[in-house]
Amino acid sequence: MNVLAAVGALTLLTAAAAALMLFARTRAPEGSHFSDGDRASGVFGAVATGFSVLLGFLIFLGFSSYDASRQGAETEAVLVLQQAQTAQFMAPAVAADLSGELVCYARSVATTEWDTLDEGRLGERVNPWGAELFLTMVDVTPGTETQQSAYDRWMDQTAAREDARLARVHGAEGIVPLPLWIALGVLSLVLLGFMLLFADPAEGVGTQVALIGSVTVVMGALVLLLIFFDHPHGSGVGRLQPTAMERTLRLLDTEFEVADVEVTPPCDRRGRAL
């Protein structure tokens, strides 16, 4: 959800709540529906506390997932660059294949795979170039001590890269389970419904609108923040972007050029096999 859509949704929600309050005000007795305002405020405080505790827990959970995805993306990008360096210590034919496939892996992550994350369709799909890298290594037999050391280092980096990828994609389909969304929705309706009982024709219209409007804005803003954290990838302000992997692609080009290494990636600019 982008900023304009969020502001629009919050504005509509607040306007709807204000309209309900003004409608309830026309039917409410003078002094509101409560004969004891202090007792009613105590009940309202208990309901609001339950809502805020649940929402605070979910936002913390969502932020933790967001931060894990961000760190996973950065770690994955660094490991791709390190593996490209490690590959140069393999046999020349193997090094050429691995270098090209790593470039395709990075291109795929930064374009096709990131778009799939944005749409929430990644599921349990593997990166095709991760599989190609594995198949390339299956038939590799190190012939020297240097190649053996590079082979062992490569396998360690592959395991770390796969862990980083899992961290990056684990929140793509949402981390808040449906029962918690239902509980949050029920508590929101209870809280707003309770606010309508404070409708009082003796109060000014502006006061009544401010009463329910302020509560609605706070609740709506926090729920929208939770939605943002629940789906961290995609376009829009604050969303996770493939910035780290795009930087790695530029660094790969620079390093290959400096090292005078000729690399011919077997894919197009979006990481699709040729």
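Numbering of residues starts from 1 in each chain and follows the order in which that chain's sequence is written. Totals for whole chains, interfaces and linings use all residues, but because this is a predicted model, local features are given only for residues with pLDDT of at least 70 and pairs of side-chain atoms are given and counted only at 80 or more. Think of the side-chain values as coming from all heavy atoms in the structure, minus any hydrogens and water.

- As named in an unreviewed UniProt entry, the chain is DUF4239 domain-containing protein, taken from Aeromicrobium phoceense.

**Some details on the packing of helix 1 (residues 3-27) against helix 7 (residues 205-230)**
Item 1. To define axes, lines are fitted to C-alpha atoms, for helices over the stretch in contact only, and angles between the resulting N-to-C directions are given on a 0 to 180 degree scale. Helix numbers and strand numbers start at the N terminus; a helix is a DSSP run of H or I with at least 4 residues, a strand a run of E with at least 2. For the pair helix 1 and helix 7, the least separation of the axes is 8 Å and the interaxial angle reads 145 degrees. Remark: the crossing between helix 1 and helix 7 carries right-handed chirality. Residue-level contacts link Ala 6, Leu 10, Leu 13, Thr 14, Ala 17, Ala 18, Met 21, Leu 22 and Arg 25 of helix 1 to Val 205, Gln 208, Val 209, Leu 211, Ile 212, Gly 213, Thr 216, Val 217, Gly 220, Ala 221 and Leu 224 of helix 7.
Item 2. Basically, the charged four are Asp, Glu, Lys and Arg, the nonpolar ten are Ala, Val, Leu, Ile, Met, Phe, Trp, Tyr, Cys and Pro, and anything else, Gly included, counts as polar. Tallied by class, the residues present in the contact of helix 1 with helix 7 amount to 14 nonpolar, 5 polar and 1 charged. For a crossing to be left-handed, the near helix must be turned anticlockwise from the far one by less than a right angle; the clockwise case is right-handed. We call two residues contacting when some pair of their heavy atoms lies within 4.5 Å.

**Section: helix 1**
Item 1. The first and last C-alpha atoms of helix 1 sit 37 Å apart over 25 residues, in line with the 36 Å expected at 1.5 Å per residue.
Item 2. Categorising residues by exposure relies on relative accessible area from a 1.4 Å probe, with only protein chains included: less than 20% of the type maximum marks a residue as buried, more than 50% marks it as exposed, and the intermediate range marks it as partly exposed. Every buried residue of helix 1 is listed here: Ala 6, Leu 10, Thr 14, Ala 17, Ala 18, Met 21, Ala 24 and Arg 25. The span you would expect from a helix comes to 1.5 Å times its residue count less one.

**Some points on the packing of helix 4 (residues 128-138) against helix 5 (residues 145-169)**
Item 1. Put simply, helix 4 and helix 5 touch, their axes get as near as 12 Å, and they point 160 degrees apart. One finds that helix 4 runs roughly antiparallel with respect to helix 5. Helix 5 is crossed by helix 4, and the crossing has left-handed handedness. Every residue of helix 5 that contacts helix 4 at Gly 130, Leu 133 and Met 137 is listed here: Tyr 151, Trp 154, Met 155 and Arg 161.
Item 2. Partitioning the contact of helix 4 with helix 5 into residue classes produces 5 nonpolar, 1 polar and 1 charged. Each angle receives one of four descriptions, namely roughly parallel if under 35 degrees, roughly antiparallel if over 145, roughly perpendicular if within 65 to 115, and oblique otherwise.

**Regarding the packing of aromatic side chains**
Item 1. Classification of ring pairs uses Phe, Tyr and Trp, with its six-membered ring standing for Trp, and accepts pairs whose centres are within 6.5 Å; under 30 degrees between planes counts as stacked, over 60 as edge-to-face, and the remaining range as tilted. Scanning all chains against the criterion turns up 5 aromatic pairs.
Item 2. Note on Tyr 66 and Phe 228: the rings are 5.7 Å apart at their centroids and 40 degrees apart in plane angle, and the pair reads as tilted. In this pair, Tyr 66 sits in helix 2 (residues 37-87) while Phe 228 sits in helix 7, placing the two residues 162 residues apart along the sequence. The residues Tyr 66 and Phe 228 share a single accessibility class, namely buried.

**Examining the UniProt feature "transmembrane region" (unreviewed entry) in the chain**
Item 1. Under the present numbering, the feature "transmembrane region" (unreviewed entry) in UniProt falls on residues 42-63, 178-199 and 205-229.
Item 2. Taken as a whole, residues 42-63 contains 100% helix and 0% strand, while its terminal C-alpha atoms sit 31 Å from one another.
Item 3. Secondary structure within residues 178-199 divides into 86% helix and 0% strand; the distance between the first and last C-alpha atoms comes to 33 Å. UniProt positions are given in the numbering used here, feature names are shortened, and annotations may be inferred rather than shown by experiment.

**Here we look at the pattern of salt bridges**
Item 1. For this document, the term salt bridge refers to a Lys or Arg side-chain nitrogen within 4 Å of an Asp or Glu carboxyl oxygen. The full count for this structure, using the stated rule, is 7 salt bridges.
Item 2. One salt bridge connects Arg 70 with Glu 74, and the closest N-O pair in it is separated by 3.5 Å. One end of the pair, Arg 70, and the other, Glu 74, are both in helix 2, 4 residues apart, so they sit about a helical turn from each other.
Item 3. Residue classification places Glu 74 among the partly exposed positions, given a relative accessible area of 38%.
Item 4. Three or more residues joined by partner-sharing salt bridges are found here, namely Glu 76, Glu 113, Arg 165 and Arg 168.

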